[in-house]
Amino acid sequence: MISFKTDYLKGFVSDQDIKSMAGAVKQAHEDLQARKGKGAEFTGWLHWPSSISENFLKELQVLAAEVQKHSDCLVSIGIGGSYLGIRATLEFLGGTAKLPIYYAGHNISSDGLYELLETIKNKRLSVVVISKSGTTTEPAIAFRAVKKLLESKYSADELKKRIICVTDQKKGALRSMASKYGYRSFVIPDDVGGRFSVLTPVGLVPLALAGVDIHALVEGARKAEAEYAICDLEKNTCYRYAAIRNILYRKGKTIEVVSSFYPNVYYVAEWFKQLFGESEGKDGKGIFPASMMFSTDLHSMGQFMQEGERNIFETFIAIDKPRHDLPIPHDSDDLDGFNYVAGKSFDFVNKKAYEATAAAHFEGGVPNMTIGLCQADAFHLGHLFYFFEKAVAVSGYLRGINPFDQPGVEAYKKKMFALLGKK
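Quick caveat: nothing in here was measured; it's all calculated off a predicted structure. (Residues numbered from 1 in each chain as written. Predicted model: local features only at pLDDT ≥ 70, side-chain atom pairs only at ≥ 80, totals over all residues. Heavy atoms only, no water.)

1. Focus: the packing of helix α11 (residues 214-227) against helix α16 (residues 378-398)
Packing of α11 against α16 brings their axes to within 6 Å, and their N-to-C directions diverge by 45°. With respect to each other, α11 and α16 are oriented oblique. Relative to α16, the crossing made by α11 is right-handed. Taken together, the residues of α16 that come into contact with α11 (itself represented by A216, L217, E219, G220, A221, K223, A224, E225 and E227) are A378, F379, L381, G382, H383, F385 and Y386. Considered class by class, the residues forming the contact of α11 with α16 number nine nonpolar, three polar and four charged. (Axes fitted to C-alpha atoms, helices over the stretch in contact; angles between N-to-C directions. Helix = DSSP H or I, 4+ residues; strand = E, 2+ residues; numbered from the N terminus. Parallel < 35°, antiparallel > 145°, perpendicular 65-115°, else oblique. Left-handed = near helix turned anticlockwise from the far one by under 90°. Contact = heavy atoms within 4.5 Å. Nonpolar A, V, L, I, M, F, W, Y, C, P; charged D, E, K, R; others polar.)

Encoded structure:
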């Protein structure tokens with residue numbers, strides 16, 4: 001499953017510190033499980049994995065086979081929680097997808113959209129557009145452009161097969177569009193916020209169409225749901241992680257850097273940043289979520305991590321067994337002097353680099369912990385998604401905030417609409 005190493009917290013977090021959090025953690029657990037804490041109306045994700053029916057998963061498999069048969073690629077249109085979890089999953093799993101996915105609606109770059117349209121214009125296309133309201137600016141205007149391309153290629157009847165909407169059950173612009181034109185549609189649950197939605201139809205529909213093993217993804221989350229339902233700081237690593245974060249925050253560690261030596265974790269870290277940033281950054285409080293990919297960033301940000309301001313703590317995401325490994329070749333001339341590692345694997349060297357970095361950062365004043373996955377597959381990623389969702393909920397309650405709203409996100413929208421002349 002998931003391992004949790006805390007050796008490099010010594011001197012920063014004591015056993016007594018953790019024990020002192022037991023009462024607050026228990027209260028947070030009870031408020032969350034009973035759905036009586038702040039933002040309880042958006043805690044539908046809590047038992048979502050165990051509530052997913054096998055019939056729904058089979059329905060997605062049937063649809064996936066149909067879409068893959070008549071499509072060369074899939075365009076996924078969405079932003080935030082309707083984008084990051086999907087991309088994080090596909091990037092983490094590498095080249096296992098059967099249908100390539102292109103992304104739109106996660107920015108407003110004209111160059112980016114132009115290049116996408118040029119890339120896909122001669123391909124057989126299917127589109128998943130994800131938006132609860134259908135009026136979020138970035139995906140709404142991107143869908144207009146992609147829909148125009150589709151309309152130039154296909155009849156109205158054919159579009160019903162190629163446009164799939166994931167939206168509100170009853171209301172909103174996208175729901176109205178799906179009803180008017182007969183597009184296939186799936187429902188975003190009312191009680192699950194966007195950043196918690198990767199295991200709902202928001203993530204499962206496009207991931208299934210791309211060919212991801214959604215059964216394994218869901219099963220990993222189900223295992224996590226059961227494992228982290230126990231209110232015991234000794235046994236529940238999710239709660240222990242949440243408690244440690246709050247202890248460090250109270251001791252002046254206001255930035256959490258998620259680091260990994262595995263590039264396929266890059267978008268998982270991006271997903272983490274939205275989940276924790278939107279959930280915790282409010283009421284003048286919050287741990288700032290950042291990420292680094294090593295060893296690349298050791299040659300750019302490594303200096304700051306080692307000797308910069310000591311308001312940082314670090315969470316490594318490690319993978320025990322990569323999908324592939326390669327031996328380092330022997331070179332007869334050995335001009336670079338690296339024959340001493342010839343015959344060893346690249347992953348062996350990568351793991352030693354991680355061990356050295358974790359030790360060096362600790363000695364440099366950066367407490368760090370490691371979340372370890374047995375391997376980079378859908379099951380363990382589903383488990384990790386749920387781990388972080390539960391952790392940020394408990395962490396927010398420990399800090400006395402509502403981890404399920406995001407009022408600050410509306411500030412830029414109001415100003416942008418005014419500048420655009422919306423009435």
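2. Side note on the packing of aromatic side chains
Each aromatic ring pair is summarised here by two numbers: the centre-to-centre distance and the angle between the ring planes. Throughout the structure, instances matching the rule amount to 25 aromatic pairs. With 5.5 Å between their ring centres and 55° between their planes, F196 and F404 make a pair best called tilted. Pair noted here: F196 is in the loop between β6 (184-187) and α10 (201-210) and F404 is in the loop between α16 and α17 (410-420), with a separation of 208 residues, a long-range link. Taking the relative accessible area as the measure of exposure, F196 reaches 2% and is therefore buried. Taken together, the ring pairs connect F4, Y228, Y241, W271, F272, F276, F385, F387 and F388 into an aromatic cluster. Across from the ring centre of Y181, 5.2 Å away, lies the NZ or CZ of K147, which sits over that ring. Across the ring face of Y154, the terminal group of R162 is positioned such that the distance to the ring centre comes to 4.3 Å. (Phe/Tyr/Trp six-rings, centres within 6.5 Å; stacked < 30°, edge-to-face > 60°. Buried < 20%, exposed > 50% of the residue type's maximum accessible area, 1.4 Å probe, protein only. Lys NZ or Arg CZ within 6 Å of the ring centre and 35° of its normal.)

3. Re the packing of helix α6 (residues 110-120) against helix α7 (residues 137-153)
At a closest axis distance of 11 Å, the pairing of α6 and α7 adopts a crossing angle of 20°. It follows from the interaxial angle that α6 and α7 lie roughly parallel. Crossing of α6 over α7 shows right-handed handedness. On α7, the residues that touch L113, L117 and I120 of α6 are A145, V146 and L149. Residues that form the contact of α6 with α7 fall into these classes: six nonpolar, no polar and no charged.

4. A word on unusual backbone geometry
Of note, the amide linkage connecting F294 to S295 takes the cis form, showing an omega dihedral of 5°. Examined against the element boundaries, S295 turns out to sit in the loop between β8 (288-293) and α14 (302-307). In this structure, D283 takes a positive phi of about 60° despite not being glycine. Locating D283 in the fold gives a position in the loop between α13 (266-280) and β8. For D283, a relative accessible area of 58% gives the class exposed.

5. Here's the deal with the nonpolar core
W45, F92, L204, L209, Y241, W271 and F388 are the most contacted members of the largest nonpolar core, which has 108 residues in total. For this core, the element with the most residues is α16, which contributes 14 residues. By size, the runner-up hydrophobic cluster in this structure holds 21 residues, among which are A104, L125, L174 and A178. (Core = buried A, V, L, I, M, F, W, Y, C linked by side-chain atoms within 4.5 Å.)

6. Considerations on the side chain of E280
Following the sequence through the fold, E280 ends up in helix α13. In this structure E280 comes out as buried when scored by relative accessible area, which is 0%. Here S395 takes part through its side chain, which lies 2.9 Å from a polar atom of the side chain of E280. Leave out the neighbours within four places in its chain, and E280 touches R245, K285, G286, I287, V392, S395, G396, R399 and I401. (Polar contact = N/O pair within 3.5 Å; in protein donor to acceptor, adjacent residues only side chain to side chain.)

7. Quick look at the pairing of strand β3 (residues 101-104)
Inspection of the sheet shows strand β2 (residues 73-77) paired to β3 by four bridges, in the parallel sense. Within β3, the residue paired with S76 across the bridge is Y103. Read as a crossover between parallel neighbours, the route from β2 over helix α5 (residues 84-93) to β3 is right-handed. (Pairing = 2+ DSSP bridges. Right-handed = clockwise from strand over helix to strand, strands pointing away.)

8. Regarding the pairing of strand β9 (residues 312-321)
Counting buried positions over the ten residues of β9 gives eight, a clear majority of the element. Here strand β7 (residues 255-260) pairs with β9 via five bridges, running parallel. Paired with V258 across the strands is T315, a residue of β9. Inspection of the sheet shows β9 paired to strand β10 (residues 368-375) by seven bridges, in the parallel sense. Its bridge partner being in β10, K321 is matched across the sheet by Q375. As a crossover connection, the stretch from β9 through helix α15 (residues 346-363) into β10 is right-handed.

9. Some words on the sheet that holds β8
Within the open sheet, the five strands sit side by side as β1-β10-β9-β7-β8. Their pairing is mixed. The outermost strands of the open sheet, each flanked by one partner alone, are β1 (2-5) and β8. Each strand axis lies, on average, 20° off the axis of its neighbour in the sheet, ignoring direction. This element, α15, spans β1, β9 and β10 of the sheet and lies at about 160° to β9. Each of β1, β9 and β10 is contacted by α16, which is oriented at about 150° to β10, the strand it contacts most.

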